[in-house]
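Given next are the chains, with one letter for each unit.
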Amino acid sequence: LFTDGTIDGHVIFWLDEPDRMVVDVPYRKSGFEKKNYLIHHPLAKKLRIGQHDDRVRFVIETDSSVSRKAVAKINGNVLQVTVSKKQ
């Protein structure tokens, strides 16, 4: 996930029906051109991006087999989020 500037903090949480991971990045704008992307991967189906006054919200619809533990790594304006299947 990438934004318009250096990422300084984020929040990740999960929602059901459909299964999805939500990533909020405060005080940034999306670095993507579009607001919706199809993802061709067994663990993820779709990315939706919502821009709010105080944050950008990334919503990734996931497969039901995804563990609700994510590992996030910040590198400047990129937030790399890694998920895996439930054990």
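These notes cover the structure that comes with them.

## A few points about unusual backbone geometry
A cis amide bond, omega 0 degrees, links Glu17 with the succeeding residue Pro18. Tracing the backbone through its elements, the reader meets Pro18 in the loop between β1 (11-15) and β2 (20-26). Within the secondary structure, Glu17 sits in the loop between β1 and β2. Judged by its relative accessible area of 77%, Glu17 falls in the exposed class. Non-glycine residue Tyr27 carries a positive phi angle of around 55 degrees.

## Notes on the side chain of Thr3
Within the element layout of this structure, Thr3 appears in the segment before β1. Classification of Thr3 by relative accessible area gives buried; the value is 3%. Among the polar contacts made by the side chain of Thr3, one reaches the main-chain carbonyl oxygen of Gly5 at a distance of 2.7 Å. With residues up to four places along the chain from it excluded, the contact list for Thr3 reads Val25, Arg28, Lys29, Ser30, Gly31, Val56, Phe58 and Asn77.

About the cut-offs
Residues numbered from 1 in each chain as written. Predicted model: local features only at pLDDT ≥ 70, side-chain atom pairs only at ≥ 80, totals over all residues. Heavy atoms only, no water. Helix = DSSP H or I, 4+ residues; strand = E, 2+ residues; numbered from the N terminus. Buried < 20%, exposed > 50% of the residue type's maximum accessible area, 1.4 Å probe, protein only. Polar contact = N/O pair within 3.5 Å; in protein donor to acceptor, adjacent residues only side chain to side chain. Contact = heavy atoms within 4.5 Å.

Nothing here speaks to function; it is all geometry.
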